[in-house]
Amino acid sequence: MARISVTIGHQQHTFALTSSGLTIGRLPDNDIVLNHAIVSRRHAQITLRDRQAWIHDLDSRNGVFVNRLRVKEEPLHDSDTITIGPFELTFEDRAAQSVVLDDSKYFPLASDGRMMRVDDVPPPTLDLQMFYAIGMRLNQVVDFHELLELVLTEILRLVPAQRGFLLLRKGNELVPMIIHAVEQGEVAISGTIVRKALEGGEAVLTRDARLDFAGSESIISANIRSAICVPLLLEGKSTGVILLDSPGRDQFSENDRDMVAAVASQAAVAIERARLTQELRQQAQVRQNLERFLSPNVAQALARYVLQYGRLWEAEEQMVTILFADVQGFTALSERLSPHEVQDLLNEYLHEMTDVIFKHHGTVDKYIGDGIMAIFGAPRLPDEPYNEQHALQAVSAALEMQSAQQRLVEKLDPDKAFQIRIGVNTGLAYTGFFGTHHRLEYTAIGDAVNTAARLETAAEAGSVFISEYTYTSIKDFFVVQEIGELQLKGKEKHVRAYKVLQKNP
């Protein structure tokens, strides 16, 4: 079902993933030997669990990374990049056996008469009732790879063949997904026959390859006599092929060809449905994880990027605006209320504040007890333009957060009243995804973040303090009062601060 590709010593190597799994490490008795000082002797292992491949870190010294995130144990998906030391291994979800489309290697099949059939009943004629039953079975399967296996199984139940292949397009490549073959190791199929089916968009039946493809000397020299190759067509385009072949002349009839073509027409639609379902499920899971700390529109964009490229992008230094908000006197408030009342109040407060931040296209970096850290101007997808409005968005959000807090307090009992203070700063910060796969955060690091936190601490209750860098970006849009030079904790130099009063009339 899958294989691992890796470049070792300037040479590309592939390793089939079978039920026994693959071991990776520096010792020569590993299945994949990565001879480098920072690779552990027994570094990692890849196993199969019910068709799903998993990678396990075997307590290595320098860790295992999947798509740049450190993992301890993680399921693998097609095109995932596994980084172990200086090596990058690519996981490819395909048939474990290697298939080559090469007429020159299309050697004679073993002629022991074994056919890849599910049962020994005589080959049927496909009537409407049987066609409907097959369609029902295909449409009941949701799992993508289980469906591919079922498609080839149903076809081999109808048509006896020594070998059966299901291949799907992936970009410019035709990838073997399911193989039913007598021989082990590398298998060859006819590129001539496959290309004829793909380019012609119709089923190909050859009772004797030597006669039907007389123009191909390599096929003439081989002893493969009979084959059926049917394209999987979706809206007139070939998304893959199903190929059956057997030794001997006249092994397949027009009826066999038509039955395979009929099932293939249903299979193409079912396969696309399962693929889209799998993609939507993955996208929903990615988006659900991202929506914990990103606004829904940003989370959706990020989810699309991750599914398209299979990875997160590199952290980068960029101009952003950081906002810190905090409840003044929260400790004293907690002493007056029961733990349950504190929890309810905090949840309602954080919910209101988060909605405002999302409304102004901010990213909730983290909740720190009763405090909130938010980023404006990031994340920014690699192909997106720079956001020049992040300071304006942050200050607008800060004022609206104060208004939302006041509306919330008006609904509360007097003993639950509180005020918040907010600090905002604009500057260079290092932004990106940090942590492990099990504890992943998008955050900003740098002095700009520290300054925003210190401004929040210095701010008066119910006020918004901003730095001079933020002030230069928003001064034309807000009424601002200069506070003067402040000696902020942990800062050697004084910081000029301003208090935002309101938006310009």
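Please refer to the structure placed before this passage.
This text gives an overview of the structure that appears in the document. Being a predicted model, the structure only gives us computed values, none of them experimental.

## Re the environment of Q419
Then, number 1: For Q419, the position within the fold is in strand β22 (residues 419–436).
Then, number 2: Counting along the chain gives 91 residues from Q419 to Q328, while the straight-line C-alpha distance between them is 5.8 Å.

## Digging into the pattern of salt bridges
Then, number 1: Evaluated as defined, the whole model comprises 17 salt bridges.
Then, number 2: D245 is the salt-bridge partner of R163, the closest N and O atoms lying 2.8 Å from each other. With R163 in strand β13 (residues 163–170) and D245 in strand β18 (residues 237–247), this residue pair connects regions lying 82 residues apart in the sequence.
Then, number 3: For D245, a relative accessible area of 0% translates into the label buried.
Then, number 4: Counted as one network, the salt bridges with shared partners bring together R137, E154 and R157.

## Here we look at the packing of helix α1 (residues 128–139) against helix α2 (residues 144–158)
Then, number 1: Taken N-terminus to C-terminus, the directions of α1 and α2 make an angle of 160 degrees; their axes are 10 Å apart at the nearest point. The angle between α1 and α2 falls in the class roughly antiparallel. Considering only the axes of α1 and α2, their crossing is right-handed. Contacts between α1 and α2 pair M130, I134, R137 and L138 from the former with L147, L150, V151, E154 and L158 from the latter.
Then, number 2: For the contact of α1 with α2, the class distribution of residues is seven nonpolar, no polar and two charged.

## Details of the packing of helix α9 (residues 339–359) against helix α10 (residues 390–410)
Then, number 1: Here α9 crosses α10 at 150 degrees, and the two axes come no closer than 9 Å. Between α9 and α10, the crossing angle belongs to the class labelled roughly antiparallel. Of the two possible hands of crossing, α9 and α10 adopt the one that is right-handed. Contact with α9, carried on its side by E348, Y349, M353, V356, I357 and K359, involves A397, E400, M401, A404, Q405 and L408 of α10 and no other residues of that element.
Then, number 2: The residue makeup of the contact of α9 with α10, split by class, is eight nonpolar, one polar and three charged.

## Remarks on α10
Then, number 1: Counted at 1.5 Å a residue, the expected span for α10 with its 21 residues is 30 Å, and the 30 Å between its end C-alpha atoms agrees.
Then, number 2: Of all 21 residues that make up α10, 16 are buried, and the element is covered over most of its length.

## A look at the side chain of H43
Then, number 1: Structurally, H43 can be placed in the loop between β4 (32–33) and β5 (44–49).
Then, number 2: Within the structure, H43 has its side chain in polar contact with the backbone nitrogen of S40 (distance 2.9 Å).
Then, number 3: A distance of 2.9 Å separates a polar side-chain atom of H43 from the backbone oxygen of G63.
Then, number 4: Among residues more than four places away in sequence, those in contact with H43 are I24, G25, I38, H56, D57, L58, S60, G63, V64 and I84.

Criteria and thresholds
Residues numbered from 1 in each chain as written. Predicted model: local features only at pLDDT ≥ 70, side-chain atom pairs only at ≥ 80, totals over all residues. Heavy atoms only, no water. Helix = DSSP H or I, 4+ residues; strand = E, 2+ residues; numbered from the N terminus. Salt bridge = Lys/Arg side-chain N within 4 Å of Asp/Glu carboxyl O. Buried < 20%, exposed > 50% of the residue type's maximum accessible area, 1.4 Å probe, protein only. Axes fitted to C-alpha atoms, helices over the stretch in contact; angles between N-to-C directions. Parallel < 35°, antiparallel > 145°, perpendicular 65-115°, else oblique. Left-handed = near helix turned anticlockwise from the far one by under 90°. Contact = heavy atoms within 4.5 Å. Nonpolar A, V, L, I, M, F, W, Y, C, P; charged D, E, K, R; others polar. Expected span 1.5 Å × (residues − 1). Polar contact = N/O pair within 3.5 Å; in protein donor to acceptor, adjacent residues only side chain to side chain.

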